[in-house]
Amino acid sequence: MDINLTLIGQTIAMIVFVWFCMKFVWPPIVGIIEERQTQIADGLAAAEKGTRALDEARVKVDQMVGEARTQARQIIDQANQRANAIIEEARGGATEERERILASAQAEIEQEINRARDELRAQVAQIAVAGAEKILAREIDPAAHRELLEQLARQI
Amino acid sequence: MASEGGKTASEYIQHHLHNLQVCPTEHGWVWNHCAGNPLGINVDSMFFTIVLGGLFAWLFYHVAQRATVKNPGRLQATIELIVSFVDTSVRDTFHGQSKLIAPLALTLVCWVFLMNLMDLIPVDWLPTAAHAMGIEYLKVVPTTDPNITFGMSISVFILILYYSLKIKGVGGFFVGELMMNPLNPKDLGLPKLIWPLVMAFNFILESVALLAKPLSLSLRLFGNMYAGELMFILIALLGIWQLPLHFGWAVFHILVVTLQAYIFMMLTIVYLSQAHEHH
């Protein structure tokens, strides 16, 4: 319990250890802590910047999607209009065609009727002539009618 | 343990509280008969204090050399935690610029903590081992030696004086700080005639306050650790009952060990920051 030279020894030891700590321990460790703090602060700032950029991008994306949607709607509308127009056009063409076909069929039918009528007419004439011939052949008196027949032949 | 080596309880306690000493006498260097010799050296205290200080210095140096900014290991993280803790304590209390105070605080807190921690080694282990090696006395906890605590507190006191004189100047320190407080004759409006009287009174008061700083700093640490060590020794005398009691006291002592180291560091910072402040 006496106070003796140990006091001086301890004082010297303390000076040495404090000097060592001040020279070789404190600066590197604190330097590293501070460097890491700086890095963390930078990282947080970068993260915040990134978040802000993300928000901005999201707004832009929303805007672009909206625009695209509007354009798509316009395109669909145009396509519908065009389709309707095409259908209308086709309907018009088809009506015209139908009328044309109907008309030509009508004309053909009339032609056919006329031809049949002519043919019939010719046949009726032949039958009439044949009938007349048969009637005439029985009743005609070649002698009495010679003059008339000759006159007829002359005319032919 | 009471009957170890046929010693009485009193002899056992005496033996445990005896330092291993060496001192020069007219018969040359003598071991352990140094009571009252101012040139004696407490070999055990010096040994443990240097070993523990060296352990602190080596460990922190080791980590400081290998420290990386990215991917700190567990050891590095722990060391950084301690360093940040000290750094924060210093920054909170001390507002000046000093390259010395923070490393000083770190050294003191770690060193005192390690020295106090020796108290948790069961009291008979190291002395018995030393006895087996032929060493008669061994006091394991350096902070139970007032030489050690005074050695540190006097160094702090010298720093207090140095910074006071450096920051305030000789006049500022002796007259401004020690004589014009706490009763300032100028503020009290006293006649010039009785100023010296008031100043002398102040000087006595402030000198006591100043000298009390290193004294209380070292005696607080010494007293706490000495009492704790004594309790451990007394508990060790109790035979089988020492086991639960020793455990309980050791758990409580962990608190004392840490707290005393922290208080020693904190008061050092406070005293040095006071030395830097102008009134």
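Rules used throughout
- Residues numbered from 1 in each chain as written.
- Chains lettered and ligands numbered in written order.
- Predicted model: local features only at pLDDT ≥ 70, side-chain atom pairs only at ≥ 80, totals over all residues.
- Helix = DSSP H or I, 4+ residues; strand = E, 2+ residues; numbered from the N terminus.
- Buried ≥ 20, exposed ≤ 12 C-beta atoms within 10 Å, placed from the backbone.
- Contact = placed C-beta atoms within 7 Å.
- Rg over C-alpha atoms; globule rule 2.2 N^0.38 Å.
- Core = buried A, V, L, I, M, F, W, Y, C linked by C-beta atoms within 7 Å.
- Axes fitted to C-alpha atoms, helices over the stretch in contact; angles between N-to-C directions.
- Left-handed = near helix turned anticlockwise from the far one by under 90°.
- Nonpolar A, V, L, I, M, F, W, Y, C, P; charged D, E, K, R; others polar.
- Pairing = 2+ DSSP bridges.
- Expected span 1.5 Å × (residues − 1).
- Arc of directions from axis to C-beta.

Enquirer: Break down the overall build of chain B for me, citing the residues and quoting the values.
Expert: Helix and strand counts for chain B stand at nine helices and three strands. Helices and strands in chain B line up, N terminus first, as α-β-β-β-α-α-α-α-α-α-α-α. Looking at the 279 residues of chain B, the share that counts as buried comes to 35%. Long-range contacts, defined as pairs at least 24 residues apart, comprise 66% of the intrachain contacts of chain B with a sequence gap of at least 6.

Enquirer: Kindly report on the overall build of chain A, identifying the contributing residues and their values.
Expert: Counting its regular elements, chain A contains two helices and zero strands. Relative to the 2.2 N^0.38 estimate, which gives 15 Å for 156 residues, the radius of gyration of chain A is 63 Å and therefore markedly larger than a compact globule would have. For chain A, the C-alpha atoms occupy an extent of roughly 200 × 30 × 20 Å along the three principal directions.

Enquirer: Which residues make up the nonpolar core, and what values do they have?
Expert: Counting residues in hydrophobic clusters, the biggest one holds 67 residues, and the most contacted among them are Cys21(A), Ala105(B), Leu106(B), Leu108(B), Val109(B), Trp111(B) and Val112(B). Once residues within four sequence positions are removed from consideration, Ala105(B) is found in contact with Val86(B), Ser89(B), Val90(B), Met265(B), Thr268(B) and Ile269(B).

Enquirer: Outline the packing of helix 3 (residues 74-93) of chain B against helix 9 (residues 242-276) of chain B, listing residues and values.
Expert: If you want to describe how two helices pack, look at the angle between their axes and the distance between the axes. Residue and element names in this part refer to chain B. The geometry of helix 3 relative to helix 9 is characterised by a closest axis approach of 10 Å and an angle of 30° between their N-to-C directions. The element helix 3 and its partner helix 9 pack so that their crossing is right-handed. Along the contact surface, helix 3 presents Ser89, Val90 and Thr93, while helix 9 presents Met266, Ile269, Val270 and Ser273. For the contact of helix 3 with helix 9, the per-class residue count stands at four nonpolar, three polar and no charged.

Enquirer: Lay out the pairing of strand 2 (residues 28-31) of chain B in plain terms, naming residues and giving numbers.
Expert: Residue and element names in this part refer to chain B. Of the strand pairs in this sheet, strand 1 (residues 21-25) and strand 2 are connected by four bridges, and their pairing is antiparallel. Paired with Cys23 across the bridge in strand 2 is Val30. The antiparallel hairpin formed by strand 1 and strand 2 contains two residues in its connecting segment.

Enquirer: Please set out the pairing of strand 1 of chain B residue by residue, giving values where relevant.
Expert: Pairing between strand 1 of chain B and strand 3 (residues 41-42) of chain B: two bridges, direction antiparallel. Each residue of the ladder has a partner; that of Val22(B), found in strand 3 of chain B, is Ile41(B).

Enquirer: Which residues make up the interface of chain A and chain B, and what values go with them?
Expert: Between chain A and chain B, the residue contacts involve 29 residues of the former and 41 residues of the latter. Of the residues belonging to the side of chain A that touches chain B, the class tally is 20 nonpolar, six polar and three charged.

Enquirer: How would you sum up the sheet that holds strand 2 of chain B? Please name residues and give values.
Expert: Strand order in the open sheet formed by three strands is 2-1-3 (chain B), and the pairing between neighbours is antiparallel. What marks the edges here is a single partner per strand, and that holds for strand 2 and strand 3 of chain B.

Enquirer: So what about unusual backbone geometry? Which residues, and what values?
Expert: All names here are of chain B. The phi dihedral of Asn32 falls on the positive side, at around 65°, and the residue is not glycine. Topologically, Asn32 is positioned in the loop between strand 2 and strand 3. One non-glycine residue, Asn71, adopts positive backbone phi at about 50°. Inspection of the secondary structure assignment puts Asn71 in the loop between helix 2 (43-66) and helix 3. Given 6 C-beta atoms within a 10 Å radius, Asn71 is considered exposed.

Enquirer: How would you summarise the environment of Ile121(B) if you had to cite specific residues and measurements?
Expert: Relative to the helices and strands, Ile121(B) resides in the loop between helix 4 (101-117) and helix 5 (125-132). The sequence separation of Ile121(B) and Val140(B) amounts to 19 residues, and the corresponding C-alpha distance is 8.7 Å.

Enquirer: Help me get a handle on helix 3 of chain B, residues and values and all.
Expert: Each α-helix winds once per 3.6 residues, and so residues spaced three or four apart point in a common direction. All names here are of chain B. The first and last C-alpha atoms of helix 3 sit 29 Å apart over 20 residues, in line with the 28 Å expected at 1.5 Å per residue. The complete set of buried residues in helix 3 reads Ile79, Val83, Val86 and Val90. End-on view of helix 3: buried residues confined to an arc of 60°, all on one side of the axis. Set apart from the buried face of helix 3 by more than 90 degrees, the exposed residues are Arg74, Ala77, Leu81, Thr88, Arg91 and Asp92.

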